[in-house]
Amino acid sequence: MNYEKIYKSYVRSVFSDECHDIVRTIMYLQKRFYKMPKEFQNANREFSDEAKNKIIKSIL
């Protein structure tokens, strides 16, 4: 399973559909983490904070 692709896809969709601001996107994901699809939760758990930051920066 390509966790980076899954994580990037969900973050990008929230960023473009809901928030248009990376800080709000991160807060949105944190508040709704347990409502997110299981594959996103698994991907999120696989990455360190540093790896998540790199993925988020690549979206911008």
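The structure we're discussing is the one just above.
This text gives an overview of the structure that appears in the document. (Residues numbered from 1 in each chain as written. Predicted model: local features only at pLDDT ≥ 70, side-chain atom pairs only at ≥ 80, totals over all residues. Heavy atoms only, no water.)

### Thoughts on helix H3 (residues 38–46)
For H3, the set of buried residues is Phe 40, Gln 41, Ala 43 and Asn 44. Seen end-on, H3 carries its buried residues on one side only, within an arc spanning 165°. Of the exposed residues in H3, the ones pointing more than 90 degrees away from its buried face are Lys 38 and Glu 46. Against the buried residues of H3 lie helix H1 (3–19), helix H2 (22–31) and helix H4 (49–59). (Buried < 20%, exposed > 50% of the residue type's maximum accessible area, 1.4 Å probe, protein only. Helix = DSSP H or I, 4+ residues; strand = E, 2+ residues; numbered from the N terminus. Arc of directions from axis to C-beta. Contact = heavy atoms within 4.5 Å.)

### Things to note about the pattern of salt bridges
Tallying each qualifying case throughout the model produces two salt bridges. Across the salt bridge formed by Lys 52 and Asp 49, the nearest N and O atoms sit 3.9 Å from each other. One end of the pair, Lys 52, and the other, Asp 49, are both in helix H4, three residues apart, so they sit about a helical turn from each other. Taking the relative accessible area as the measure of exposure, Asp 49 reaches 57% and is therefore exposed. Of the charged contacts, one joins Lys 54 and Glu 50 as a salt bridge, the two residues approaching to 3.9 Å between their closest N and O atoms. Pair noted here: Lys 54 and Glu 50 are both in helix H4, with a separation of four residues, about one helical turn. Neither Lys 54 nor Glu 50 differs from the other in exposure class; each is exposed. (Salt bridge = Lys/Arg side-chain N within 4 Å of Asp/Glu carboxyl O.)

### Thoughts on the nonpolar core
Of all hydrophobic cores here, the largest spans 16 residues; its most connected members are Tyr 7, Val 11, Leu 29 and Phe 40. Elements that contribute at least two residues to this core include exactly H1, H2, H3 and H4. Among the elements that line this core, the one with the most residues is H1, at five residues. Setting aside residues up to four positions removed in sequence, Val 11 forms contacts with Thr 25, Leu 29, Phe 40, Ile 56 and Ile 59. (Core = buried A, V, L, I, M, F, W, Y, C linked by side-chain atoms within 4.5 Å.)

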